[in-house]
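# Coordinates in review
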Amino acid sequence: MTRIPHDTSGEPNPLTALSLDQLRRRTSMKWRTHPEDVLPVWVAEMDVPVAEPVVRAVTEAMRTGDTGYPAGTAYAEALAAFAGKRWDWPELAVERTAIVPDVMLGVVEMLRLVTGQGDAVVVNPPVYPPFFDFVRHAERRVAEAPLGADARLDLDVLEDTFREVTAGGGRAAYLLCSPHNPTGTVHTADELTAVAAFAERYGVRVVADEIHAPLVLGDARFVPYLSVPGGERGLSLMSASKAWNLAGLKAALAVAGPGAGDELARMPEIVGHGPSHVGILAHTAALRDGTAWLDALLAGLDANRRLLTGLLAEHVPAVRYRPGDGTYLAWLDCRDLGLGDDPAAAFLAHGRVALTGGLPFGTGGAGHARLNLATSPEVLTEAVRRMAEAARAAGGARG
Ligand SMILES: Cc1ncc(COP(=O)(O)O)c(C=O)c1O
């Protein structure tokens, strides 16, 4: 695997650009859910300024009154160019894409295309909690195929689950999280090729949530599911939302492999009424012109995961952390702290630091908490100090 050249020349680390005072003026979920004395390192929003190319695109739209309905394929073209350069994947076909309001609503639409009411959707817990909620919202049932103890796909468990959910002859889908939230696991080409072979063998349709795809650090490489042998019948959801912090500017893309294009074409046209034109402009600018900014971010995140490793070892050594190569999320095994099933509740109550509790992530979530690394080294340091304080105050620390 070749290393992605991270060209951070001229781009400052966006994670160190904003002070805590500036961040506290934000009105988004991360900053307004808890009182002011709580340090928020939970929901997947980043403490960064918006990349200049995005600011320019949105400002220009405001200046010219370009605030109507969306048209055209510029977003898909920008993603295709990005995928070609970044992932050596030139086969993303613009004609096999559709704009959807956001990734999770896109997931629901893809599940509607390939499964029926009551059919099973396989997920790999611990996993992003809305996977459970949206599958149920789509009137499908969740089947769990937990990750292995190494936080990687357990291919034996996955195959067994595929076999079970299709045993009665029903349709089934697999909602793959790639890279995986919350562990940051970046699935390898071999793993994904095995997934595609099982999917083919049992007739399970793969819907890959690849929202974190640009957020891969160091030597690891993101492999698009649709690019692996046998992945042609897959459907993917991609977006600039996570990597450029654009959750407030909703827009995402559904992408079909060559064997799923006809199905994607059957997605109701009205789904395309959901995304915002300005959101699409923002996402397009990020993918087209935001690569240097992204590389500076990735360098900062890489430093932060090393910093976190050191801070935990020093201040709360009972917490186990295996840094993932993808996402900006750290999945912390706090079971040895003695804080019970929901250590995030103890961190909040006794340390005034907000992490995401592990329980809603499904099997494997108890005793865990998820920490958002996309912040400054100062905030990260203070967050761990507060965690250590909480562990001491709760009387649970054993190290
Ligand atoms: C794996 C995953 N999918 C989807 C989303 C949400 O994306 P959207 O806001 O586009 O629905 C997130 C947000 O953190 C996520 O981590």
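Residues numbered from 1 in each chain as written. Predicted model: local features only at pLDDT ≥ 70, side-chain atom pairs only at ≥ 80, totals over all residues.

The local shell around the ligand holds 14 residues, among which Ala44, Asp102, Val103, Met104 and Asn181 are the closest. The class makeup of the residues in the shell around the ligand is eight nonpolar, three polar and three charged. (Near = placed C-beta within 6 Å. Nonpolar A, V, L, I, M, F, W, Y, C, P; charged D, E, K, R; others polar.)

A few words on the sheet that holds strand S10 (residues 329-333). The strand order S9-S10-S13-S12 describes an open sheet built from four strands, whose pairing is antiparallel. Looking along the sheet, the strands with just one partner apiece sit at the ends: strand S9 (320-321) and strand S12 (356-357). As judged from the two bridges shared by S9 and S10, these two strands associate in the antiparallel manner. Of the residues in S10, the one forming a bridge with Tyr321 is Leu332. (Pairing = 2+ DSSP bridges. Helix = DSSP H or I, 4+ residues; strand = E, 2+ residues; numbered from the N terminus.)

The figure often quoted for interface size is the accessible area lost as the parts come together. In terms of domain boundaries, the protein chain breaks down into domain 1 (14-50 + 291-393) and domain 2 (53-289). Computed over C-alpha atoms, the centres of domain 1 and domain 2 are 25 Å apart. Among the elements of the structure, helix H11 (291-315), S10 and strand S13 (368-372) are those that each provide at least two residues to the side of domain 1 that touches domain 2. When the residues that make up the side of domain 1 that touches domain 2 are grouped by side-chain class, the tally is 12 nonpolar, 10 polar and five charged. (Domains from an automatic or database assignment.)

With that settled, the discussion passes to the nonpolar core. Counting 131 residues, the largest nonpolar core has Leu79, Val122, Leu175 and Val353 as the members making the most contacts within it. Tallying contributions element by element places H11 first for this core, with nine residues. In this structure, this core is formed jointly by two domains, domain 1 (14-50 + 291-393) and domain 2 (53-289), each of which donates at least three residues. Those residues within four positions of Leu79 in sequence are excluded, and the remaining contacts are Leu92, Met238, Leu253 and Leu287. (Core = buried A, V, L, I, M, F, W, Y, C linked by C-beta atoms within 7 Å. Buried ≥ 20, exposed ≤ 12 C-beta atoms within 10 Å, placed from the backbone. Contact = placed C-beta atoms within 7 Å.)

The buried count for strand S6 (residues 204-209) comes to six of six residues, which makes it a mostly enclosed element. Because side chains alternate across S6, one face comprises the buried residues Val204, Val206 and Ala208, and the other comprises Arg205, Val207 and Asp209, equally buried. Pairing of S6 with strand S7 (residues 235-238) involves three bridges; the strand directions are parallel. The residue bridging Asp209 from the neighbouring strand is Leu237, located in S7.

Residues given the UniProt feature "domain: Aminotransferase class I/classII large" (unreviewed entry) here are residues 65-386. With 38% helix and 15% strand, the stretch residues 65-386 has end C-alpha atoms that lie 46 Å from each other. (UniProt positions renumbered as here; feature names shortened; annotations may be inferred.)

On to the environment of Val123. Residue position: Val123 is located in strand S3 (residues 120-123). Expressed as a C-alpha distance, the spacing of Val123 and Val319, which sit 196 residues apart in the sequence, is 26 Å. Filtering out sequence-adjacent residues up to four positions away, Val123 remains in contact with Phe131, Val142, Glu144 and Leu175.

Take the pairing of strand S5 (residues 172-177) next. Of all six residues in S5, six are buried, a share of seventy percent or more. Taken together, the three bridges between S3 and S5 define a ladder with parallel strand orientation. Paired with Val121 across the strands is Ala173, a residue of S5. Two elements, S5 and S6, share six bridges in a ladder whose sense is parallel. The partner of Cys177 across the bridge, within S6, is Asp209. With respect to chirality, the unit in which S5 leads through helix H8 (residues 189-202) into the neighbouring parallel S6 is right-handed. (Right-handed = clockwise from strand over helix to strand, strands pointing away.)

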